[in-house]
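Read off the chains here:
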Amino acid sequence: MMLTHRAMALIAFAVLATPGPALSHETVAGALFIDHPIARETPSAKTPGGAYMTIRNNGDKPDRLVAARTPAAGRVEFHQSIIDGDIVRMRPLPAIDLPPAGSVALQPGKGMHLMLMDLAERLKRGDSFPMTLTFERGGDVEITIRVTAITGAAGGHHQPDTQ
Ligand SMILES: [Cu+2]
């Protein structure tokens, strides 16, 4: 496989930018680098789960995350959080765009995230589950999501905290 100098520089950067070993877990698939995929612990199976990660596109062409599936949930939606006064609203997105040589952070409480609907069972801290991400250009990528307790101002997942 031939790599351009630019691609090698980007890969070197991605490795250097990886956070410390304790929490770090990531998947590299072709031009795509999926870093630290986590999901929020849920109080029950009836609460939708939120999943978060950083997706880096090291390629020189745009890509898009067009679908996600997991045995842990009946379906996975892409959501955009919008702050509307004191309320965080969520708007479904058809896909998540990944610019060339760029990254997109799916984060609790702001911006975009994955929403796990119809959970098979409650998401418990310490558990992990597989997910298949389908990219328009990169194809299917298998990742492992860790369930963690995410606290703080990250609320707003269909059951917004009253402030
Ligand atoms: Cu959501």
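Residues numbered from 1 in each chain as written. Predicted model: local features only at pLDDT ≥ 70, side-chain atom pairs only at ≥ 80, totals over all residues.

A. Molecular detail of the pairing of strand E10 (residues 128-135). Only one face of E10 is covered, namely the face carrying Phe129, Met131, Leu133 and Phe135; the face carrying Ser128, Pro130, Thr132 and Thr134 is uncovered. Strand direction decides the pairing type here: E10 and strand E11 (residues 139-148), joined by 8 bridges, are antiparallel. By the bridge assignment for E11, Phe135 is matched with Gly139. Hairpin connection, E10 to E11: the antiparallel pair is bridged by 3 residues. (Buried ≥ 20, exposed ≤ 12 C-beta atoms within 10 Å, placed from the backbone. Helix = DSSP H or I, 4+ residues; strand = E, 2+ residues; numbered from the N terminus. Pairing = 2+ DSSP bridges.)

B. Main features of the confidence of the model for the chain. Residue-level pLDDT values for the chain average 84, and 77% of them are 70 or greater. Long-range and interchain partners of residues 12-22, a stretch whose pLDDT sits below 50, account for 7 contacts in this model, where long-range means more than four residues apart. The low-confidence segment residues 152-163, where pLDDT is below 50, has 16 contacts with residues more than four positions distant or belonging to other chains. (pLDDT = per-residue confidence, 0-100. Contact = placed C-beta atoms within 7 Å.)

C. Quick look at the nonpolar core. Within the largest apolar cluster, 28 residues are counted, with the highest numbers of intra-cluster contacts made by Leu114 and Leu116. Beyond its immediate chain neighbours, meaning those up to four positions away, Leu116 contacts Ala39, Pro48, Gly49, Ala51, Thr70, Ala72, Ala73 and Val76. (Core = buried A, V, L, I, M, F, W, Y, C linked by C-beta atoms within 7 Å.)

D. Just the environment of Arg137, in detail. Structurally, the position occupied by Arg137 is in the loop between E10 and E11. Taking the C-alpha atoms as reference points, Arg137 and Leu65, 72 residues apart in sequence, are found 8.9 Å from one another.

E. Structural detail: the pairing of strand E3 (residues 49-57). Extensive coverage of E3 is indicated by the burial of 8 of its 9 residues. Bridge analysis of strand E2 (residues 32-40) against E3 gives 6 bridges, and the strand direction is antiparallel. Note that in E3 the partner of Phe33 across the bridge is Arg56. As judged from the 3 bridges shared by E3 and strand E9 (residues 112-119), these two strands associate in the antiparallel manner.

F. Inspection of unusual backbone geometry at higher detail. Despite not being glycine, Ala101 has its phi angle at roughly 50 degrees, a positive value. Structurally, Ala101 is set in the loop between strand E7 (96-98) and strand E8 (102-106).

G. Quick peek at the environment of Gly49. With respect to the helices and strands, the residue Gly49 is situated in strand E3. The sequence separation of Gly49 and Leu114 amounts to 65 residues, and the corresponding C-alpha distance is 8.2 Å. Not counting chain neighbours up to four residues away, the residues in contact with Gly49 comprise Ala39, Arg40, Thr42, Ala73, Leu116, Leu119 and Leu123.

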